[in-house]
Amino acid sequence: MQKSILILGACGQIGTELTYVLRKKHGATTVIASDIREGNESLMNSGPFELLDATDYNALEEVIAYYEISEVYLMAAMLSATAEKFPMRAWNLNMNSLFNVLNLAKEKKIDKIFWPSSIAVFGPNTPVDDTPQNTIMEPSTVYGISKQSGERWCNYYHQKFGVDVRSIRYPGLISYKTMPGGGTTDYAVEIYHKALSSQTYTCFLKKDTKLPMMFMDDAIRATLMLMESHPNSIKIRSSYNLAGMSFCPEEIAESIKREIPGFTIDYKPDFRQEIADSWPNSIDDSMARMHWGWQSEFDLERTTREMLYNLKENKQ
Ligand SMILES: NC(=O)c1ccc[n+]([C@@H]2O[C@H](COP(=O)([O-])OP(=O)(O)OC[C@H]3O[C@@H](n4cnc5c(N)ncnc54)[C@H](O)[C@@H]3O)[C@@H](O)[C@H]2O)c1
């Protein structure tokens, strides 16, 4: 009998698209979406859904037994900008949800876990260009500290208990199906919405703040590639560096102007500038390329065309 997949935090920016792709691949009833809130209508209509708090071990255990879950994707978390406002809530959610799934795997109640880390594990003392897999980290944000700790715990559970946990340090993700959930790279999604609705955008980062970014299709493809890889080819059990593209607000604005000539941008940096300043400009993902064959497909120009085209289509 085919075992099922559970997605925790399925109504968020990544979880929504991950749910669609996994359902297309494995069949709708095999993929159980869950979150502490309901998602958009098309997600809710696409297959089974459970209201589930990822920090509640007993509730997780019950759902896992009921649906005979073998694989868990843990997408529930509090993101970088919001976590600065609610540090203890962020720590509790980000760490306890991870401990829950790691302990369920340790108890052999599930076989495989995907847990995302982030470029936020890096900090002001990290080399900023082509940031290597192994380097100084020293994150300076609540979110980054929780992700770095999470990485160490993933590695620990793999080494000590043989838990099959797999992870990627996602860059900032750009998508059109769901709005981002309170991160420092959210500007790179908002800008496309504003370009279409009012042809102008006020950016909360400075014009030359370069950050690693990725189009959602690449991020989902990487996630599935990693999860489908043979366990022996996964040599890093903390989390893999992953790169798509790198750009600053001025460059994304230029790429939009090539499609919408009247588009204008101005800059009013807020508290998120300091977070962005502590993160790398670009990422060296050679380990992901070498170990499981990763290669990105979307550059900035292609991303801009996809975003504008699909946002326009969705409005009609
Ligand atoms: N989006 C990005 O650019 C990005 C970049 C790097 C890493 N990540 C990581 O990827 C993961 C998913 O990110 P996202 O952008 O989809 O986040 P999001 O904020 O869009 O979605 C998170 C979801 O988790 C849900 N949630 C919150 N508390 C919960 C709880 N107690 N139980 C169950 N669900 C709960 C929320 O309702 C939300 O739907 C996170 O771990 C995040 O840190 C995201």
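Residues numbered from 1 in each chain as written. Predicted model: local features only at pLDDT ≥ 70, side-chain atom pairs only at ≥ 80, totals over all residues. Heavy atoms only, no water.

Enquirer: Please give an account of the overall build of the chain that cites residues and values.
Expert: Of regular secondary structure, the chain possesses twelve helices and 14 strands. Against the globule reference of 20 Å for 316 residues, the chain gives a C-alpha radius of gyration of 19 Å, in line with a compact fold. With respect to the principal axes defined by its C-alpha atoms, the chain has extents near 55 × 45 × 40 Å. Taking contacts inside the chain between residues at least 6 apart in sequence as the whole, the part at least 24 apart equals 78%. (Helix = DSSP H or I, 4+ residues; strand = E, 2+ residues; numbered from the N terminus. Rg over C-alpha atoms; globule rule 2.2 N^0.38 Å. Contact = heavy atoms within 4.5 Å.)

Enquirer: Go over the nonpolar core, please, and point to the residues and values.
Expert: The biggest cluster of nonpolar side chains holds 43 residues, and the ones touching the most others in it are Ile 174, Tyr 187, Tyr 192, Phe 247, Ile 252 and Phe 263. Looking at this core, the elements that each hand over two or more residues are α6 (142–161), α7 (187–197), β10 (200–203), β11 (211–215), β13 (245–247), α9 (249–259), α10 (272–277) and α12 (300–315). Top element by residues in this core is α7. It accounts for six residues. Beyond its immediate sequence surroundings of up to four residues, Ile 174 is in contact with Gln 13, Ala 188, Val 189, Tyr 192, Met 213, Met 214, Phe 215, Met 216, Met 245, Phe 247, Thr 303 and Met 307. Within the second largest apolar cluster, 32 residues are counted, among which are Leu 22, Leu 43, Leu 173 and Met 227. (Core = buried A, V, L, I, M, F, W, Y, C linked by side-chain atoms within 4.5 Å. Buried < 20%, exposed > 50% of the residue type's maximum accessible area, 1.4 Å probe, protein only.)

Enquirer: How would you sum up the site of the ligand? Please name residues and give values.
Expert: Surrounding the ligand, one finds 26 residues, the nearest of these being Gln 13, Ile 14, Asp 35, Ala 54 and Tyr 143. Backbone polar atom of Gly 12 to an oxygen atom of the ligand: 3.1 Å apart, as the coordinates give it. One nitrogen or oxygen atom from the main chain of Gln 13 is found 2.8 Å from an oxygen atom belonging to the ligand. Structurally, the ligand is housed in the largest pocket. Those elements giving two or more residues to the shell around the ligand turn out to be α1 (13–26), β6 (117–118), α6 and β9 (172–174). The residue makeup of the shell around the ligand, split by class, is 15 nonpolar, seven polar and four charged. (Near = heavy atom within 4 Å. Polar contact = N/O pair within 3.5 Å; in protein donor to acceptor, adjacent residues only side chain to side chain. 1 Å grid on protein atoms, 1.4 Å probe; cavity = no way out; pocket = protein on both sides within 12 Å on 5 of 7 lines; lining within 4 Å. Sits in = over half its atoms within 2 Å of the grid points. Nonpolar A, V, L, I, M, F, W, Y, C, P; charged D, E, K, R; others polar.)

Enquirer: Explain the environment of Asp 208 residue by residue, including any values.
Expert: Examined against the element boundaries, Asp 208 turns out to sit in the loop between β10 and β11. Look at Asp 208 and you get exposed, because its relative accessible area is 57%. Separated by 108 residues in the primary sequence, Asp 208 and Asn 100 place their C-alpha atoms 40 Å from one another.

Enquirer: Report on the sheet that holds β6, specifying residues and quantitative values.
Expert: Taken in spatial order, the three strands line up as β6-β8-β12 in an open sheet, and their pairing is parallel. Each edge of the open sheet is held by one strand with a lone partner, namely β6 and β12 (240–241). With two bridges connecting them, strand β8 (residues 168–170) and β12 associate as parallel partners. Looking at the pairing, Arg 169 lines up with Asn 241 of β12. In this fold helix α8 (residues 216–228) packs onto β8 and β12, with an angle of close to 175° to the strand it touches most, β8. (Pairing = 2+ DSSP bridges. Axes fitted to C-alpha atoms, helices over the stretch in contact; angles between N-to-C directions.)

Keep in mind these numbers describe shape, not what the thing actually does.
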